[in-house]
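# Observations on the three-dimensional arrangement
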Amino acid sequence: MATLVGLLLIWFMALSAFALGVLYIAILIIARFPRDVLPSENTYKTTTKTRAVPAPRKLPHISEDPEDERQREEKVAVSVVVPAYNETERLPKMLNEAVDVLEGWELAGEKVTYEILVVDDGSQDQTAEIALKFGADKGVLEDCIRVCKLEKNRGKGGAVAHGMQRSRGDYIIFADADGASQFSDIKTLHATLTSLTDSPSSPAIALGSRAHMVKSEAVVKRSFIRNFLMYSLHTLLYVFGIRTIRDTQCGFKMFTRSAVSQIFPYMHNEGWIFDVEVLILAERKGIKVFEVPISWHEVPGSKMELARDSVKMAIDLVVIRCAYILGIYDDGRKRNGEKELRKKKDS
(Lines give C-alpha, C1' and ligand atoms only; values in the text may rest on other atoms or scores of the structure.)
Protein backbone atom coordinates (compact mmCIF):
# COMPACT_ATOMS: atom_id res chain seq x y z
CA MET A 1 0.00 0.00 0.00
CA ALA A 2 2.79 2.40 0.96
CA THR A 3 4.54 1.60 -2.30
CA LEU A 4 1.39 2.42 -4.28
CA VAL A 5 0.97 5.74 -2.47
CA GLY A 6 4.62 6.55 -3.16
CA LEU A 7 4.22 5.75 -6.84
CA LEU A 8 1.07 7.88 -7.08
CA LEU A 9 2.89 10.76 -5.37
CA ILE A 10 5.82 10.50 -7.78
CA TRP A 11 3.41 10.34 -10.72
CA PHE A 12 1.55 13.41 -9.45
CA MET A 13 4.77 15.37 -8.94
CA ALA A 14 6.01 14.41 -12.40
CA LEU A 15 2.70 15.41 -13.97
CA SER A 16 2.73 18.73 -12.10
CA ALA A 17 6.30 19.43 -13.21
CA PHE A 18 5.35 18.61 -16.80
CA ALA A 19 2.27 20.89 -16.66
CA LEU A 20 4.35 23.70 -15.16
CA GLY A 21 6.96 23.24 -17.87
CA VAL A 22 4.31 23.38 -20.60
CA LEU A 23 2.81 26.53 -19.03
CA TYR A 24 6.25 28.15 -18.81
CA ILE A 25 7.01 27.46 -22.48
CA ALA A 26 3.54 28.65 -23.57
CA ILE A 27 3.81 31.92 -21.63
CA LEU A 28 7.37 32.45 -22.88
CA ILE A 29 6.20 32.05 -26.47
CA ILE A 30 3.31 34.54 -26.24
CA ALA A 31 4.88 36.98 -23.74
CA ARG A 32 5.41 40.50 -25.01
CA PHE A 33 8.72 42.35 -24.86
CA PRO A 34 9.34 45.99 -25.89
CA ARG A 35 11.21 46.55 -29.13
CA ASP A 36 14.55 48.33 -29.21
CA VAL A 37 14.45 52.13 -29.28
CA LEU A 38 15.67 53.63 -32.56
CA PRO A 39 18.22 56.51 -32.42
CA SER A 40 15.81 59.15 -33.75
CA GLU A 41 13.30 58.22 -31.03
CA ASN A 42 15.66 59.58 -28.39
CA THR A 43 15.25 63.07 -29.84
CA TYR A 44 12.52 65.70 -29.87
CA LYS A 45 11.50 68.85 -31.71
CA THR A 46 10.15 72.11 -30.33
CA THR A 47 9.36 75.60 -31.58
CA THR A 48 11.23 78.83 -30.86
CA LYS A 49 10.01 82.42 -30.41
CA THR A 50 10.43 82.94 -34.14
CA ARG A 51 8.10 79.94 -34.77
CA ALA A 52 11.03 78.10 -36.32
CA VAL A 53 11.50 74.39 -35.64
CA PRO A 54 15.21 73.79 -34.95
CA ALA A 55 17.04 70.52 -35.54
CA PRO A 56 16.09 67.57 -33.31
CA ARG A 57 17.53 67.73 -29.80
CA LYS A 58 18.49 64.88 -27.46
CA LEU A 59 15.94 63.79 -24.89
CA PRO A 60 17.11 63.13 -21.32
CA HIS A 61 16.58 59.74 -19.71
CA ILE A 62 15.41 59.03 -16.19
CA SER A 63 18.35 56.66 -15.64
CA GLU A 64 20.89 59.46 -16.16
CA ASP A 65 22.78 60.89 -13.22
CA PRO A 66 20.41 63.29 -11.38
CA GLU A 67 23.43 65.33 -10.30
CA ASP A 68 24.37 66.06 -13.90
CA GLU A 69 24.51 69.84 -14.37
CA ARG A 70 22.42 69.83 -17.56
CA GLN A 71 19.77 67.71 -15.85
CA ARG A 72 19.52 70.17 -12.94
CA GLU A 73 19.20 73.16 -15.27
CA GLU A 74 16.43 71.54 -17.34
CA LYS A 75 14.41 70.25 -14.39
CA VAL A 76 10.71 71.20 -14.25
CA ALA A 77 8.05 70.72 -11.60
CA VAL A 78 5.52 68.86 -13.76
CA SER A 79 5.80 66.82 -16.93
CA VAL A 80 2.78 65.82 -19.00
CA VAL A 81 3.23 62.86 -21.35
CA VAL A 82 0.65 62.63 -24.14
CA PRO A 83 0.65 59.43 -26.24
CA ALA A 84 -0.84 60.24 -29.64
CA TYR A 85 -1.67 58.14 -32.68
CA ASN A 86 -3.43 59.86 -35.60
CA GLU A 87 -4.75 62.63 -33.33
CA THR A 88 -4.86 65.69 -35.59
CA GLU A 89 -8.54 66.24 -34.74
CA ARG A 90 -8.56 65.79 -30.96
CA LEU A 91 -5.04 66.80 -29.88
CA PRO A 92 -5.22 70.63 -30.31
CA LYS A 93 -8.23 70.96 -28.00
CA MET A 94 -6.59 68.78 -25.35
CA LEU A 95 -3.31 70.72 -25.58
CA ASN A 96 -5.15 74.04 -25.36
CA GLU A 97 -6.88 73.01 -22.13
CA ALA A 98 -3.63 71.65 -20.70
CA VAL A 99 -1.59 74.77 -21.47
CA ASP A 100 -4.26 77.08 -20.04
CA VAL A 101 -4.27 75.11 -16.77
CA LEU A 102 -0.48 74.82 -16.54
CA GLU A 103 0.17 78.47 -17.39
CA GLY A 104 -2.19 79.62 -14.64
CA TRP A 105 -0.99 77.18 -11.98
CA GLU A 106 0.89 78.54 -8.98
CA LEU A 107 2.33 76.73 -5.97
CA ALA A 108 3.54 78.62 -2.90
CA GLY A 109 3.20 81.86 -4.84
CA GLU A 110 5.41 80.72 -7.71
CA LYS A 111 4.41 79.76 -11.24
CA VAL A 112 4.68 76.04 -11.91
CA THR A 113 7.36 75.10 -14.42
CA TYR A 114 6.20 72.44 -16.86
CA GLU A 115 6.69 70.56 -20.09
CA ILE A 116 4.29 68.67 -22.34
CA LEU A 117 5.93 65.77 -24.15
CA VAL A 118 3.79 64.57 -27.06
CA VAL A 119 4.85 61.07 -28.12
CA ASP A 120 3.66 60.53 -31.69
CA ASP A 121 3.29 56.76 -31.90
CA GLY A 122 4.13 56.35 -35.58
CA SER A 123 1.07 58.28 -36.80
CA GLN A 124 0.04 58.14 -40.44
CA ASP A 125 -1.25 61.72 -40.35
CA GLN A 126 0.24 65.08 -39.31
CA THR A 127 -0.03 64.59 -35.52
CA ALA A 128 3.55 65.69 -34.80
CA GLU A 129 3.32 68.72 -37.07
CA ILE A 130 -0.04 69.74 -35.55
CA ALA A 131 1.46 69.61 -32.04
CA LEU A 132 4.39 71.83 -33.09
CA LYS A 133 2.07 74.23 -34.90
CA PHE A 134 -0.10 74.47 -31.79
CA GLY A 135 2.94 75.45 -29.70
CA ALA A 136 3.90 78.16 -32.17
CA ASP A 137 0.36 79.53 -32.53
CA LYS A 138 -0.22 79.51 -28.77
CA GLY A 139 3.06 81.30 -28.13
CA VAL A 140 4.25 78.65 -25.70
CA LEU A 141 7.84 79.10 -24.56
CA GLU A 142 10.55 77.05 -26.22
CA ASP A 143 10.85 73.53 -24.81
CA CYS A 144 7.52 73.72 -22.97
CA ILE A 145 6.04 71.58 -25.73
CA ARG A 146 8.29 68.81 -26.97
CA VAL A 147 7.36 66.39 -29.73
CA CYS A 148 8.99 62.98 -29.99
CA LYS A 149 8.09 60.91 -33.05
CA LEU A 150 8.37 57.12 -32.95
CA GLU A 151 9.34 55.70 -36.34
CA LYS A 152 7.32 52.53 -35.79
CA ASN A 153 4.06 52.18 -33.91
CA ARG A 154 4.49 50.62 -30.45
CA GLY A 155 1.02 50.85 -28.97
CA LYS A 156 -0.30 53.18 -26.28
CA GLY A 157 1.62 51.44 -23.50
CA GLY A 158 4.88 51.64 -25.42
CA ALA A 159 4.39 55.34 -26.20
CA VAL A 160 3.59 56.12 -22.56
CA ALA A 161 6.60 54.18 -21.23
CA HIS A 162 8.86 55.88 -23.78
CA GLY A 163 7.71 59.37 -22.76
CA MET A 164 7.64 58.77 -19.01
CA GLN A 165 11.31 57.75 -19.03
CA ARG A 166 12.29 60.84 -21.01
CA SER A 167 10.55 63.48 -18.90
CA ARG A 168 12.18 66.11 -16.72
CA GLY A 169 9.52 66.62 -14.07
CA ASP A 170 9.51 65.96 -10.36
CA TYR A 171 5.93 64.82 -10.90
CA ILE A 172 5.03 63.12 -14.18
CA ILE A 173 1.53 62.47 -15.48
CA PHE A 174 0.33 60.77 -18.62
CA ALA A 175 -2.88 62.07 -20.14
CA ASP A 176 -4.84 60.79 -23.12
CA ALA A 177 -4.87 62.92 -26.26
CA ASP A 178 -8.66 62.81 -26.48
CA GLY A 179 -9.09 65.26 -23.58
CA ALA A 180 -11.77 63.07 -21.96
CA SER A 181 -10.37 63.76 -18.48
CA GLN A 182 -10.80 67.29 -17.13
CA PHE A 183 -7.22 68.52 -17.17
CA SER A 184 -7.60 70.87 -14.19
CA ASP A 185 -7.88 67.71 -12.04
CA ILE A 186 -4.10 67.46 -12.40
CA LYS A 187 -3.97 69.80 -9.39
CA THR A 188 -5.97 67.32 -7.30
CA LEU A 189 -3.65 64.45 -8.21
CA HIS A 190 -0.60 66.59 -7.48
CA ALA A 191 -2.03 67.74 -4.13
CA THR A 192 -2.71 64.10 -3.21
CA LEU A 193 0.89 63.10 -3.87
CA THR A 194 2.46 66.10 -2.14
CA SER A 195 0.26 65.70 0.95
CA LEU A 196 0.95 61.98 1.34
CA THR A 197 4.64 61.77 0.35
CA ASP A 198 7.76 63.53 1.57
CA SER A 199 9.13 64.49 -1.86
CA PRO A 200 9.41 63.34 -5.50
CA SER A 201 12.05 60.90 -4.25
CA SER A 202 9.32 58.98 -2.40
CA PRO A 203 7.66 56.53 -4.82
CA ALA A 204 3.90 57.05 -5.07
CA ILE A 205 1.15 57.08 -7.71
CA ALA A 206 -2.14 59.00 -7.91
CA LEU A 207 -4.65 57.36 -10.25
CA GLY A 208 -7.38 59.40 -11.84
CA SER A 209 -10.55 57.37 -11.31
CA ARG A 210 -13.98 57.32 -12.94
CA ALA A 211 -15.34 54.65 -10.59
CA HIS A 212 -17.61 57.19 -8.87
CA MET A 213 -19.29 57.77 -12.25
CA VAL A 214 -20.33 54.16 -12.86
CA LYS A 215 -24.03 55.03 -12.42
CA SER A 216 -23.75 58.39 -14.15
CA GLU A 217 -25.43 59.27 -17.45
CA ALA A 218 -22.06 59.30 -19.25
CA VAL A 219 -21.55 55.60 -18.46
CA VAL A 220 -25.14 54.33 -18.40
CA LYS A 221 -25.81 55.66 -21.93
CA ARG A 222 -22.83 53.83 -23.42
CA SER A 223 -23.56 50.80 -25.58
CA PHE A 224 -24.48 47.51 -23.92
CA ILE A 225 -21.43 45.75 -25.39
CA ARG A 226 -19.06 48.46 -24.09
CA ASN A 227 -20.45 48.24 -20.56
CA PHE A 228 -20.50 44.43 -20.71
CA LEU A 229 -16.82 44.35 -21.67
CA MET A 230 -16.03 46.87 -18.92
CA TYR A 231 -17.62 44.71 -16.24
CA SER A 232 -16.02 41.58 -17.68
CA LEU A 233 -12.58 43.19 -17.42
CA HIS A 234 -13.28 44.22 -13.82
CA THR A 235 -14.22 40.62 -12.99
CA LEU A 236 -11.06 39.26 -14.62
CA LEU A 237 -8.93 41.83 -12.78
CA TYR A 238 -10.50 40.75 -9.49
CA VAL A 239 -9.72 37.10 -10.22
CA PHE A 240 -6.10 37.99 -10.97
CA GLY A 241 -5.58 39.95 -7.79
CA ILE A 242 -6.28 43.61 -8.67
CA ARG A 243 -8.95 44.10 -6.00
CA THR A 244 -8.34 47.43 -4.33
CA ILE A 245 -8.31 49.63 -7.48
CA ARG A 246 -11.77 50.28 -8.92
CA ASP A 247 -10.65 51.94 -12.18
CA THR A 248 -7.40 50.66 -13.67
CA GLN A 249 -7.86 51.98 -17.20
CA CYS A 250 -8.32 55.75 -16.78
CA GLY A 251 -5.74 57.55 -18.92
CA PHE A 252 -4.86 60.14 -16.28
CA LYS A 253 -2.22 58.92 -13.83
CA MET A 254 0.44 60.93 -11.97
CA PHE A 255 3.70 59.54 -10.56
CA THR A 256 6.50 60.89 -8.43
CA ARG A 257 9.80 60.77 -10.30
CA SER A 258 10.97 57.95 -8.06
CA ALA A 259 7.91 55.84 -8.95
CA VAL A 260 8.57 56.37 -12.68
CA SER A 261 12.17 55.19 -12.32
CA GLN A 262 11.05 52.06 -10.46
CA ILE A 263 8.26 51.10 -12.85
CA PHE A 264 8.61 52.18 -16.47
CA PRO A 265 12.11 50.81 -17.26
CA TYR A 266 10.69 47.37 -16.41
CA MET A 267 7.47 47.53 -18.45
CA HIS A 268 6.88 44.76 -21.00
CA ASN A 269 3.36 45.13 -22.39
CA GLU A 270 2.90 47.95 -24.89
CA GLY A 271 -0.81 47.44 -25.55
CA TRP A 272 -4.01 48.68 -23.91
CA ILE A 273 -3.57 46.58 -20.75
CA PHE A 274 -0.28 48.28 -19.83
CA ASP A 275 -2.03 50.16 -16.98
CA VAL A 276 -2.49 46.86 -15.17
CA GLU A 277 1.19 46.00 -15.48
CA VAL A 278 1.96 49.39 -13.92
CA LEU A 279 -0.19 48.40 -10.92
CA ILE A 280 1.33 44.92 -10.72
CA LEU A 281 4.84 46.40 -10.62
CA ALA A 282 3.74 48.94 -8.00
CA GLU A 283 2.29 46.11 -5.90
CA ARG A 284 5.44 43.98 -6.23
CA LYS A 285 7.64 46.92 -5.18
CA GLY A 286 5.43 48.19 -2.37
CA ILE A 287 4.75 51.56 -4.02
CA LYS A 288 1.86 53.54 -2.57
CA VAL A 289 -1.12 53.91 -4.93
CA PHE A 290 -3.95 56.40 -4.34
CA GLU A 291 -7.18 56.46 -6.34
CA VAL A 292 -8.51 60.00 -6.87
CA PRO A 293 -11.97 60.78 -8.35
CA ILE A 294 -11.80 63.02 -11.43
CA SER A 295 -14.24 64.51 -13.95
CA TRP A 296 -14.52 62.68 -17.25
CA HIS A 297 -16.70 62.61 -20.35
CA GLU A 298 -16.98 60.35 -23.39
CA VAL A 299 -15.16 61.62 -26.49
CA PRO A 300 -15.77 60.10 -29.95
CA GLY A 301 -12.87 58.79 -32.02
CA SER A 302 -11.42 56.04 -29.84
CA LYS A 303 -8.71 53.96 -31.54
CA MET A 304 -9.77 50.83 -29.65
CA GLU A 305 -11.62 48.11 -31.55
CA LEU A 306 -13.82 46.79 -28.77
CA ALA A 307 -14.20 43.09 -29.56
CA ARG A 308 -10.69 42.44 -30.87
CA ASP A 309 -8.84 44.57 -28.33
CA SER A 310 -10.90 43.28 -25.39
CA VAL A 311 -9.87 39.71 -26.21
CA LYS A 312 -6.23 40.84 -26.51
CA MET A 313 -6.45 42.60 -23.14
CA ALA A 314 -7.83 39.48 -21.46
CA ILE A 315 -5.04 37.31 -22.90
CA ASP A 316 -2.39 39.89 -22.03
CA LEU A 317 -3.64 40.11 -18.45
CA VAL A 318 -3.24 36.35 -17.98
CA VAL A 319 0.21 36.46 -19.60
CA ILE A 320 1.42 39.39 -17.49
CA ARG A 321 0.39 37.79 -14.20
CA CYS A 322 1.86 34.40 -15.11
CA ALA A 323 5.06 35.86 -16.57
CA TYR A 324 5.92 37.61 -13.31
CA ILE A 325 5.02 34.57 -11.20
CA LEU A 326 7.16 32.29 -13.39
CA GLY A 327 10.07 34.73 -13.52
CA ILE A 328 9.84 35.32 -17.27
CA TYR A 329 9.40 39.04 -16.69
CA ASP A 330 12.07 40.87 -14.69
CA ASP A 331 10.82 43.58 -12.35
CA GLY A 332 14.32 44.82 -11.46
CA ARG A 333 14.21 43.84 -7.80
CA LYS A 334 16.90 41.17 -8.12
CA ARG A 335 19.11 43.53 -10.13
CA ASN A 336 18.67 46.36 -7.61
CA GLY A 337 19.30 43.96 -4.74
CA GLU A 338 22.59 42.93 -6.31
CA LYS A 339 23.57 46.61 -6.71
CA GLU A 340 22.84 47.30 -3.03
CA LEU A 341 24.87 44.23 -2.03
CA ARG A 342 27.83 45.41 -4.12
CA LYS A 343 27.61 48.87 -2.50
CA LYS A 344 27.71 47.32 0.98
CA LYS A 345 30.69 45.16 0.04
CA ASP A 346 32.53 48.16 -1.44
CA SER A 347 31.92 50.21 1.70
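What comes next concerns the included structure.

The rules we used
- Residues numbered from 1 in each chain as written.
- Predicted model: local features only at pLDDT ≥ 70, side-chain atom pairs only at ≥ 80, totals over all residues.
- Heavy atoms only, no water.
- Buried < 20%, exposed > 50% of the residue type's maximum accessible area, 1.4 Å probe, protein only.
- Helix = DSSP H or I, 4+ residues; strand = E, 2+ residues; numbered from the N terminus.
- Pairing = 2+ DSSP bridges.
- Right-handed = clockwise from strand over helix to strand, strands pointing away.
- Phe/Tyr/Trp six-rings, centres within 6.5 Å; stacked < 30°, edge-to-face > 60°.
- Lys NZ or Arg CZ within 6 Å of the ring centre and 35° of its normal.

### Focus on the pairing of strand E6 (residues 114-120)
- Of all the seven residues making up E6, seven are buried; the element is thus mostly covered by neighbouring parts of the structure.
- Here E6 shows two buried faces, one formed by Tyr114, Ile116, Val118 and Asp120 and the other by Glu115, Leu117 and Val119.
- One ladder, built from seven bridges, connects strand E3 (residues 76-84) with E6; its direction is parallel. Across the sheet, residue valine 78 finds its bridge partner in E6, namely tyrosine 114.
- Examined bridge by bridge, E6 and strand E7 (residues 145-149) share five bridges and lie parallel to one another. By the bridge assignment for E7, valine 118 is matched with valine 147.
- Handedness of the crossover is the feature at issue here: the chain leaves E6, passes through helix H4 (residues 127-138), returns alongside E7, and the resulting connection is right-handed.

### Examining the packing of aromatic side chains
- For the structure shown, the criterion picks out six aromatic pairs.
- Pairwise contacts between aromatic rings join Phe174, Phe255, Phe264 and Phe274 into one cluster.
- The ring of tryptophan 296 carries the charged tip of arginine 210 above its face, separated from the ring centre by 5.3 Å.

### Structural notes on the environment of tryptophan 272
- The residue tryptophan 272 is located in the loop between helix H9 (257-263) and helix H10 (274-284) in this model.
- Residues tryptophan 272 and aspartate 309, 37 residues apart in the sequence, show an inter-C-alpha distance of 7.7 Å.

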